[in-house]
Structure formats: C-alpha cells, structure tokens
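Here is what each chain is made of, one letter per residue.
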Amino acid sequence: MELPKTTRRKFLRNIGFISVGFPLLSSCFEEQEKAMAKRIDYNGDLPGSMRNASLVNAWLQVLEDGRVLIFSGKVELGQGIRMAICQVAAEELDLDLDQVEVHLAETGVTPDEGYTAGSGSVPNSAMSVRYAAATARKKLLELASSQLNAPIEKLSFSQGNVGYQNQNLNFAEILGGTQIEMEVSKPVPIKDSSSYQYVGKAIHRKDIPKMVIGEEIYVQDLRFPGMVHARVLRPASYQSFLTSIDLDGLSAEVSGVLKTVVKGNFVGVITEREYQAVKAERYLKNHSEWTSETAFPEEENLYNHLKSIAESPETIQDKGDVSKAFAENKTYQAEYTKPYFQHGAIGPACGIAMFDGDILHIWSHSQGIYPMRSAIAAILKMDQSKIHVTGIPGAGCFGHNSADDAAADAAILAIEYPGKHVRVQWSRTDEHTWEPYGTAMIMKMVASMDNQGKITAWKSDVWTDTHSMRPNRDPATLLNTRYLEDPIPLTQRGYLGGGHRNADPYYAFPKMQVNAHFFNGPLRVSSLRSLGSYGNIFAIESFMDELAGKANKNPFEFRIIHLNDERAIAVIQKLQQLCDSAKVNTGEGIGMAFSRYKNNTAYAAVAAHVKVDPAAGMLQLKKLWAVGDVGQIINLDGITNQFEGGMIQAASWTLKEQVNFKGDQITSEDWMSYPIFRFDEIPEVEVVMIDHPELPAEGGGEVSMPPTGAAIANAVYQACGIRVYDLPIRIEKISN
Amino acid sequence: MPHYNLRINGLVREVETDADTPLLYVLRDYLELNGPKFGCGLSQCGACMVLIDGEASTSCMRPISSLGDAEIITLEGLRDKNGNLHPVQKAFVQEQAAQCGYCLNGMVMASVSLLNQNPAPNEQEIREGMQLNLCRCSTHSRIIKAIKSAAKTQ
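Residues numbered from 1 in each chain as written. Chains lettered and ligands numbered in written order. Predicted model: local features only at pLDDT ≥ 70, side-chain atom pairs only at ≥ 80, totals over all residues. Heavy atoms only, no water.

## A few points about empty space enclosed by the protein
Tallied over the entire structure, the rule returns 8 cavities of 30 Å³ or more. What the largest cavity holds in volume is close to 70 Å³. Together, A:Gly78, A:Gln79, A:Gly80, A:Ile203, A:Arg205, A:Asn635, A:Asp637, A:Gly638, A:Asn641, A:Gln642, B:Gln96 and B:Gln99 line the largest cavity. Split into classes, the residues belonging to the lining of the largest cavity amount to 1 nonpolar, 9 polar and 2 charged. (1 Å grid on protein atoms, 1.4 Å probe; cavity = no way out; pocket = protein on both sides within 12 Å on 5 of 7 lines; lining within 4 Å. Points joined across faces, edges and corners; volume = space filled by probe spheres on them. Nonpolar A, V, L, I, M, F, W, Y, C, P; charged D, E, K, R; others polar.)

See below:
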C-alpha cells in the first residue's frame, strides 16, 4: 500500500473515481438564467483555514468526468458538515448536489484545518470552499470564453457545463487535464444570496440513507484482509504502576492470541478474532497486579478542594471600578457549581493502524488528524511524513474524547505487529473511566443594581481547569504516553481560555470585571462541547433571573433593557412570543435564558417548561423552545437538528449528569452509574431560526447548549420557588 | 471449536467459534455485517439490537450457543425482496432522524419491533418501547416523529 501521491493528477486516478461522463446538455433559457445569477464582490477577511491552503486546487479539483471533488480538513461528527460543504460548492458552481463529492480529512490530501471544533467548520471550511469555488467559476468562465471564442457574458454556466450557442464544454474539458492552481484573492465574486438554490434550504443529508441499511460508515465498520484485533489493558487507576503480570496461562485460557505487548505500564494483546481480545484483556486484568495511588479528594468536598488548589486569579476583563459601584448600590451575589461531565459517545473509541515497514497508516475518528499525527509521531519518534492518517467518522464525540488515544493504542501495537491492520476497540468501562471529561467549575457572580432596576456593575469569578488538552506535538496529550516505559508526564495546561468563555456577560453593564482562577484538578479533562460557556451562562443567566426578580421585572424585559444589540433582542422577543401560547398549570413554570456564543458568534435564546412536584419526587421537563440566529443559514434542517440535539444533551447534563469518584477509582463506569436522558425524559422541542443571508455564516453546533441549563433552572424556580445553584438539578435538591 | 448454524436474514449461516461468543461479535466479526453496533457490551444502550424471533433484543451479551434455531433479522435484513426500504427505514430518512447515526441501528430495530407488536402506538407507548435505546446526539424528538410517521404508512 502506498501513500496517496500529492501530485494532483495522479491522485485523481489513485482515488479510483470512475469516469461516467455526464450528458452534455445543450444550453436552454433556464440555464442562461442561472448563469446570470447575481454575484457580488466579497472583500472581507478570508477564513483562517486558507492561510495554509490558499490555492483553489487545495480545496477543489475537477474529476475526469467533469464533476467536482471538494477537499476539507474537517471531519464528519454527525453535525452534517459534509452536506453543508456540498451545498456551498454546488451553489457557487451551479452544479447539482450529486455532481459534488466531498473528501474529508486525510493527511497529505486535504488541507490542514486543525481540529473540527468550536462551531468552526462552517465559518472556516465551508467558507473556504465558497471562495475557492467562486474563484474556480470565474477562471472556468475565462478559459471557456477563449476556447469557445465567445464573450463571458454570453456563456451559459450550469450543471457542470459551460456553453455558447450549440457548443458545450464540461469542466474537465475546459481544464484539459490540469487543475486550477491559482490563488484565491479578493475580491471574490460570490453568488448573491437572492439567487440561492441550495444554501439556506433544509436539504437532506446524503449519509442517512446509507446508515439505515447498514452500509460501512464508521471506523468501527472498516475491515481489511487479515485484520487482527487488539485490546489495551488500562492501569488500575490514573497513576498506578504495573507490579506483576502473568502472561503464561493466557494462551491456554484464550484461543487466538497472537501477541502480548508490555511496555512499562502499557499492556496490549493482539488476537485473531475480536471477542478473543475481549477475553484476553479480561484474563490479563485478573492476572496482573498494580500499585494503588493517592486517592482523589472526597467528592462531597470537591468544590472546596478545587478552590484550595487554584492559582492566584487572572483578571480577564476590568472595565470601570466595580468595587466603587458595589459600595454605592445595592449589591447581590450568588455562587454556582458544575460537576465533571462525560462526553459519553455511544460508540466507544476505535482505532486501526497498519505499519507496512515504511509508512504507518492510521484510521481514526479523531477531531484533528494533523495535530494527532504530530503527537503520535512524537510518541513513536517517527518522522510525521511517514504517518498517514485517514479521518473516518465514529460515534458523535462532542469534543475531545478518547478517539485519539485509541488511534495511538493501535499505532503502538501496529509497530509491534507490522504488516497487519491492528484494530483496537475500547470497552464501555474504559470509555467512561478514562476519557477526558468536561471540567468541574465554580462560578461566583456579584452585581449591583440601581433603584430603576438597572445593573450598574457586574463581577464574575470563575474557578476552572483547562478546557482543552487536545493532542498536539506534545505526546503527553495522548493518554498512552503516560504509561509507556520512560513515560512523558503531562506538564502543559492546554487552552485555559475556554474556562472563562462567556464569563463576561453580553449585556451592556457600565462596569464589569472577570477573574479566572485556574486549577489543575484531580480528573483528566479536555474540551467538551461549548467549553466553559455552559457553566458560565448557567451562572450568569440564573443570576440575571434572580436579579430580574429583585427588580420586579419580567425576565424577558429585564434582559432586553440591558442589551443594545438588535439581533440579541430579536431572538429574545421571538422566544417570548413562542412561550406566550404555552399553558402553564399549577406546579409548572417557564424559565428562559440567553447567550451569544463566545460573545461574538451566534445567538440563542432558550426557554424551558417544567413541572415540579417535590412531594411526589417528580421533576419533569415538558418542553424546550429555542430561537437561534447563526447569521446566514447553510442548511436549515442541519442547524435545526444541531439546536434540538444541543438543547436535549444540555438538558441531560443539567438534570442528571455528574461524574462520581471514590478512593482512586472513577465510579461512573457505565450507563447505569452515569445515567443520561432516556426516552421517557425527552421534552418536546421547538426551534425557530432567524435567517440573515446578508450576514456571515456562523457555526451552530454548540450555540443552544449554554442557555439551556439556566433556562431549566429558572423554570424550576418559577414552578416551585426554589433555586438550585449546584448542578445537576436533581429532585432531591428541591425536595429537601 | 464448535460449529453453529444460525438463521440470519433468511439464510442459514455456519459459524465456527467459542460457545460463549456473543451474537454481536458473530454478526460483525464473522459475518461482516455493519448494522448492529458495539455500544456497551452490557445491554444498557441498545446499539447492538437485532430482531430475535421478531422481538428487538440486544446481541452484545447473548452467547451464540443459546440461539438454537431462532430467527435473527438485522438492519441489513429489513428491506423486502425487491430491495425496498422498510417503512421505518424510510421514515428515519424522511425525518432526518440522525446526527452521527451510531445508535440508529438500535433505534430502527426497536421501532420495527414496537410497531410489530403495536401498529398504532401513542406517544407514551413509543417512549416506553424505546426506553432501552440511548442517543447522545439527542435526536430523540426526530426518532419519535419517525416512528409516528412509519406507523401511519405501514
């Protein structure tokens, strides 16, 4: 097996697209109309992803049959990015949707776009494709004009054909075996939104029909001739050492064992069949001894412990003299806590690797194949040009989970067992107990209000661990590295900024201060969907609700009087209209919350309708509404699906979830000990999106999550008069 | 190693494996089917569901030796002889009832089983019928819609 060559012509042959040839349609009036779709010059910033990939052919190539192949460095996580990119490309090139193929995330083939994270795929990848496609269109028209000997304005341009009178050329014929290697430079003539056929529409994804019949979709589904199966026995706890292991009896007990690999505290076993690997791991677990480590802090005392280990605070924002305002006005305060949450992918991590003696090939559902490659290269002390990573979907991950660790497991074992594809599948227990969680946080809010009920000053203090320990060129970011001989300990702190994301309220308060107290907490943590925003907005919007009550103001109105952004006000007003029609019975309440994600991207206002009966021990979430504004919508159904899913997932966090630990063990080890929402708990959901085709397109994967927690807390208060400051909001906290 | 003859998707398939091998591993690893998914191995999430004698059952803890001549239908076996999608499969596409789709196998199998037993379930019955199946992307509300729409068309 060879690495795909980077020479583009060769690559197009290697990838094996069959030339089917498209019928050459003669131009007709309708196509002339499409060709003349209004275009406008885009002069804004080009996406960050284009910094390393500024040429058209890095993003777009014409196949031999005239169809178009798009390259994106992002991965499909279930967010539907493949379809969004397809829509944008088809739109700019006036193609049918099935004339566009999208090739995602493969080292040496697609652009290096870092991680697929932070609701960044639409603004970065899809917009890069837009500008590359628009540039390609312009170039194709220029070339066709000279080949057909006709002025550009007389050409038709539709469904992959450029025509004049009775002559037609498809894109491949125009390019004659070359690709468009020119730079994307401004101004870019992009299609005006008034002429859109696909963008903004609710277009069905192409992958769901494949999913319903069980086609090969996920990394877990890949099979290679001679592929072998492996499991890695994790240490007894985070820092325990292997003191003894009895490998002798393994083969007598378990059939099909091919190899065991013990490297320091890393123990792997390779077998012919998958279930043999499961049994072999179980055998090794029962025949090995490990040291026990220092215990975790007592769970009951977690938040005090986290405060005690925090560093001196960093002042993130300081506008005006808040202390003076606090001294001069009536001042209120409240403190909120959020436990560790799990990503909880339904499919535990899986990685496949094969070392052919020269190149190490890896198939992974990592969110960032290029950064992961550099981490694995550092573990193995290999040149990263000798590692070829193909991104293949896994189960939805919602941030940095164990995907990269499983790929590294497979890579380590593949080097030990060359020439075969080695497939490592994590168990449910390993996924639950070893993944990097979303950190626990403490949020303390202080605010002063004047006599008119206007907030005069606000102070947020946030205690948080890092919100990103994603793989990068430091191999210690991968779990395995800490357990090999000569372990590399994790010393860096990753991206701390995620901890105070959205800790500065979006409201127009005259004075504001935000302090971040960073700690290096006891549990392994990294990026979980929306990072610190969920906890911070839970606190800010719970507190805003409490202040609205103190000011004797309607919670919708109270927020609106503190905003001077029309888009923010619009989502809140629309939400209020939606909620007005709801019938609220005794023991029920509606609460709302608002946030603008990262304070500079998309908007969401969320309301929750709950029913609380403390005597009966019952807390039911009946309905969630969201009104969203992500600027220009690419796929209406895709963004709606993201908003719906985000709200329900955040509701599950809010009402149920908490990672438990005792001694040196994580005790939330499966779906019984870490319960998440099941069908009987799912609320009705209603999402309304406000489209702004004239504005930049923002991603929406995380946007509905932050306000959902506070909306539920505020609804609980409306229903029963009790405020819960300590997540999750379980009925015991209300009944007692 | 013992031999087993399993009735799967209308065919008899011969498998040679240890008696304790769970059906899920037989289906995925030996018979190379993609429908049933490994989710927990603990019968807690439903991702591995198949129909055993018409009823949705998890396959991850069910040893091959316990199956006898039970009739097993997987996601791949739901289409009719002409390759037409089962009404539940169609409804999942129509409602776009997936994000990552990893749980979709179990959701579809549980829905088919539910509608086999109760062709016109109400909302409450749908939720009860789907109680074993987890979805982390949280597409539940779309799945409920898909089951309602499949109930109307089948």
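## Some points on the packing of aromatic side chains
Counting across every chain of the model gives 21 aromatic pairs over all chains. Geometrically, the ring pair formed by A:Phe224 and A:Trp363 is tilted, given 4.7 Å between the ring centres and 45° between the ring planes. Linking A:Phe224 in the loop between α7 (208-211) and β9 (228-233) with A:Trp363 in strand β17 (residues 360-364), this pair joins segments that are 139 residues apart in sequence. Judged by relative accessible area, which is 21%, A:Phe224 ranks as partly exposed. For A:Trp363, a relative accessible area of 6% gives the class buried. Ring centres 5.4 Å apart and planes at 70° place the aromatic pair A:Trp458 and A:Phe543 in the edge-to-face group. Taken together, the positions of A:Trp458 in strand β21 (residues 455-464) and A:Phe543 in helix α15 (residues 533-550) put the pair 85 residues apart, joining distant regions of the chain. Look at A:Phe543 and you get buried, because its relative accessible area is 1%. Every member of this aromatic cluster is reached through a ring pair, and the members are A:Trp458, A:Tyr506, A:Tyr507, A:Phe509, A:Phe543, A:Phe594 and A:Tyr603. Between A:Arg137 and the ring centre of A:Phe157, over which it is positioned, the NZ or CZ distance is 4.8 Å. The ring of B:Tyr30 has A:Arg273 lying over it, and the distance from NZ or CZ to the ring centre is 3.9 Å. (Phe/Tyr/Trp six-rings, centres within 6.5 Å; stacked < 30°, edge-to-face > 60°. Helix = DSSP H or I, 4+ residues; strand = E, 2+ residues; numbered from the N terminus. Buried < 20%, exposed > 50% of the residue type's maximum accessible area, 1.4 Å probe, protein only. Lys NZ or Arg CZ within 6 Å of the ring centre and 35° of its normal.)

## Considering the environment of A:Phe679
Tracing the backbone through its elements, the reader meets A:Phe679 in the loop between β27 (665-666) and β28 (684-689). The spacing of A:Phe679 and A:Gln61 is 618 residues in sequence and 45 Å in space, taken between C-alpha atoms. Residues in contact with A:Phe679, not counting those within four places in the same chain, are B:Met107, B:Arg127, B:Met130, B:Gln131, B:Asn133, B:His140, B:Ile143 and B:Ile144. (Contact = heavy atoms within 4.5 Å.)

## Here's the deal with the domain arrangement of chain A
All names here are of chain A. According to the domain assignment, chain A consists of domain 1 (8-199), domain 2 (222-292 + 343-434) and domain 3 (441-735). Using only C-alpha atoms to locate each centre, domain 2 and domain 3 end up separated by 35 Å. Tallying the contact residues gives 36 residues for domain 2 and 31 residues for domain 3. The three residues of domain 2 that bury the most area against domain 3 are Tyr238, His400 and His432, which together make up 23% of that side's buried surface. Across the contact surface, domain 2 and domain 3 share 1 salt bridge. The partner of aspartate 405 in a salt bridge is arginine 524, with the nearest N and O atoms 2.9 Å apart. Counting across the domain 2 and domain 3 interface gives 18 residue pairs in polar contact (both at pLDDT 80 or more). If you list the elements that add at least two residues to the side of domain 2 that touches domain 3, you get α12 (369-380), α13 (403-416) and α14 (428-434). The dominant element in the side of domain 2 that touches domain 3, judged by the number of residues it contributes, is α12, at 7 residues. Looking at the side of domain 2 that touches domain 3 residue by residue, the class counts come to 17 nonpolar, 13 polar and 6 charged. (Domains from an automatic or database assignment. Buried area = accessible area lost by both parts, 1.4 Å probe. Salt bridge = Lys/Arg side-chain N within 4 Å of Asp/Glu carboxyl O. Polar contact = N/O pair within 3.5 Å; in protein donor to acceptor, adjacent residues only side chain to side chain.)

## Observations concerning the sheet that holds β17(A)
All names here are of chain A. Ordered in space as β11-β12-β9-β19-β16-β17-β18, the 7 strands form an open sheet in which the pairing is mixed. Strands with a single pairing partner mark the edges of an open sheet, and in this sheet they are β11 (257-263) and β18 (387-391). This sheet shows a mean twist of 20° between the axes of neighbouring strands, independent of strand direction. Across the sheet, helix α9 (residues 274-286) lies against β9, β12 (266-271) and β19 (422-425), angled at about 25° from β9, the strand it touches most. Most of the contacts of α13 go to strand β16 (residues 350-355), to which it runs at about 30°, and overall it touches β9, β11, β12, β16, β17 and β19. (Pairing = 2+ DSSP bridges. Axes fitted to C-alpha atoms, helices over the stretch in contact; angles between N-to-C directions.)

## A closer look at the pattern of salt bridges
Residues and elements named next belong to chain A. Scanning all chains against the criterion turns up 41 salt bridges over all chains. Two residues, arginine 493 and glutamate 311, come together in a salt bridge whose shortest N-O distance is 3.1 Å. Placement of arginine 493 in the loop between β21 and β22 (511-518) and of glutamate 311 in the loop between α10 (302-309) and β14 (314-319) is noted, with a sequence separation of 182 residues between them. For aspartate 565, the salt bridge goes to arginine 596, with nearest N and O atoms at 3.8 Å. Taken together, the residues aspartate 565 in the loop between α16 (555-561) and α17 (566-580) and arginine 596 in strand β23 (residues 588-596) connect sequence positions 31 residues apart. By relative accessible area, aspartate 565 is classed as buried at 13%. A relative accessible area of 13% places arginine 596 in the buried class. Salt bridges linked by common partners bring Glu541, Asp545, Glu546, Arg559 and Arg723 together as one network.

## Topic: helix α19 (residues 705-720) of chain A
Residues and elements named next belong to chain A. An ideal rise of 1.5 Å per residue puts 22 Å on 16 residues; α19 measures up with 24 Å between its terminal C-alpha atoms. Most of α19 sits out of view: 13 of its 16 residues are buried. A positive backbone phi angle near 80° is found at glycine 721, which sits one or two residues after α19. (Expected span 1.5 Å × (residues − 1).)

## Examining the nonpolar core
Soluble, globular proteins show a tendency: their nonpolar side chains are buried together. In terms of nonpolar packing, the biggest core is built from 202 residues, with A:Tyr340, A:Leu360, A:Ile362, A:Ile376, A:Trp458, A:Ile712 and B:Phe92 touching the most fellow members. Counting 56 residues, the second largest nonpolar core, distinct from the first, contains A:Met50, A:Val68, A:Ala89 and A:Ala126. (Core = buried A, V, L, I, M, F, W, Y, C linked by side-chain atoms within 4.5 Å.)

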